[in-house]
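Structural overview for review
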Amino acid sequence: MGDIVGAGLLSHAPVIMFPEPARIEANGGRDFTLATGLERLRREVTDTAGYDTVVVFDSHWATTTEAVITAHPRREGLFTSDEMPSAISRLPYDLPGDPALAHAVADLAAERKVWIEANDDPHLPLHYATLNLWTYLGRTGTPWVSVSVCQTATTEDFLRIGEVVGEAIAGLAGRRVLLLASGGLSHRFRPLGELRDHMAGDPDGIVTPGARAADEQRIAWLEAGRHDEVIRSMPAYLRFAPEARFGHYLMLAGALGGEKCAARGRRFSAYENGIGTGQVHLWFDLPAGGGR
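Below: a short report on this structure. (Residues numbered from 1 in each chain as written. Predicted model: local features only at pLDDT ≥ 70, side-chain atom pairs only at ≥ 80, totals over all residues. Heavy atoms only, no water.)

**Regarding the pairing of strand β1 (residues 3-10)**
With respect to burial, β1 is a largely interior element, eight of its eight residues being buried. Where β1 and strand β8 (residues 176-182) come together, seven bridges link them in parallel fashion. Across the sheet, residue Leu10 finds its bridge partner in β8, namely Ser182. Alignment of β1 against strand β12 (residues 282-285), held across four bridges, turns out to be antiparallel. When the sheet's bridge partners are listed, Ala7 is paired in β12 with Phe284. (Buried < 20%, exposed > 50% of the residue type's maximum accessible area, 1.4 Å probe, protein only. Helix = DSSP H or I, 4+ residues; strand = E, 2+ residues; numbered from the N terminus. Pairing = 2+ DSSP bridges.)

**A closer look at the side chain of Asp215**
Summarising the element assignment, Asp215 is placed in helix α7 (residues 209-223). Within the buried core, Asp215 has no salt-bridge partner, and the shortest N-O distance to an opposite charge, that of Arg218, equals 6.8 Å. (Lys, Arg positive; Asp, Glu negative; His and termini not counted. Salt bridge = Lys/Arg side-chain N within 4 Å of Asp/Glu carboxyl O.)

**Quick notes on the side chain of Arg23**
As for its placement among the helices and strands, Arg23 is situated in helix α1 (residues 20-26). A distance of 2.9 Å separates a polar side-chain atom of Arg23 from the backbone oxygen of Phe18. Discounting residues that sit within four places of it in the chain, Arg23 has contacts with Val15, Ile16, Phe18, Arg30, Asp31, Phe32, Ala35, Glu39 and Tyr136. (Polar contact = N/O pair within 3.5 Å; in protein donor to acceptor, adjacent residues only side chain to side chain. Contact = heavy atoms within 4.5 Å.)

**Details of helix α3 (residues 99-112)**
With 14 residues, α3 should reach 20 Å at 1.5 Å per residue; the first-to-last C-alpha distance of 20 Å fits that figure. All of the buried residues along α3 are Leu101, Ala102, Ala104, Val105, Ala106, Leu108 and Ala109. Packed against the buried residues of α3 are β2 (53-63), β3 (67-70), β6 (116-119) and α5 (155-170). Positive phi appears at Lys113, one or two residues downstream of α3, with a value of about 60 degrees. (Expected span 1.5 Å × (residues − 1).)

**Brief notes about unusual backbone geometry**
Located in the positive-phi region is Ala241, a residue other than glycine, with phi close to 50 degrees. For Ala241, the location among the structural elements is in the loop between α9 (234-237) and α10 (247-255). Although it is not a glycine, Arg245 sits at a positive phi angle of roughly 55 degrees. By the element assignment, Arg245 lies in the loop between α9 and α10.

Take it as geometry only, folks, not as evidence of what the structure does.
What follows is the structure in structure tokens.
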């Protein structure tokens, strides 16, 4: 059987792509833990995790009529963000893919009547929710596969999509996979005229006290392994506009067993502000079988 050997809810906040001096200046004299935390995660976890594929649930990749999983043998080129070209410009990338895994997911989805399609169109765009994390955690020759967040999906749909991904991985003999839910927590930005006054990571910059409280409650639940509480409380959390309706996390949770998952999260960053949004790195160490 294949195995999920580790999983993370990780921020891809564009500030992590700033040069270190610019990060320190923006953060009032010290670096963002969102950047240093990814460096520590690589040193302490991913470099020794013994995995052969990374699957990213990419909160910036919005599809409409199905979830899509990339099936390219390789993707390489230069990336400039249409959202923040001044921050992420001409970033070189070279990502091997895992077509066998992608097609296993799509084939199982068809059997289960869950809408997931594999796609290897060479012109399919990439998004920085994948590439920012790859810049910190990628290693030469290791496949990275992205899964979109379907913008018409419900909480239940996201969980079913993740379940199919998890089962497909289990069906591939010897495959060892890391799952990354790439995205933030509450996700309302400061107005443009205020942005530059709230660049620092201090959570006092989160857009409302209610959003901060909602994020901190979910972090506490995840640190305690209470994925069931996070899932059951989604109607309340949606009032605070979690990024991509928290689809990146929900697919991750579905792959790990949904409400039955009890994997405890370890923080690899402080809870930090991203111009009004809530950001954190949480890593879930999993037993054999992916914590299901």
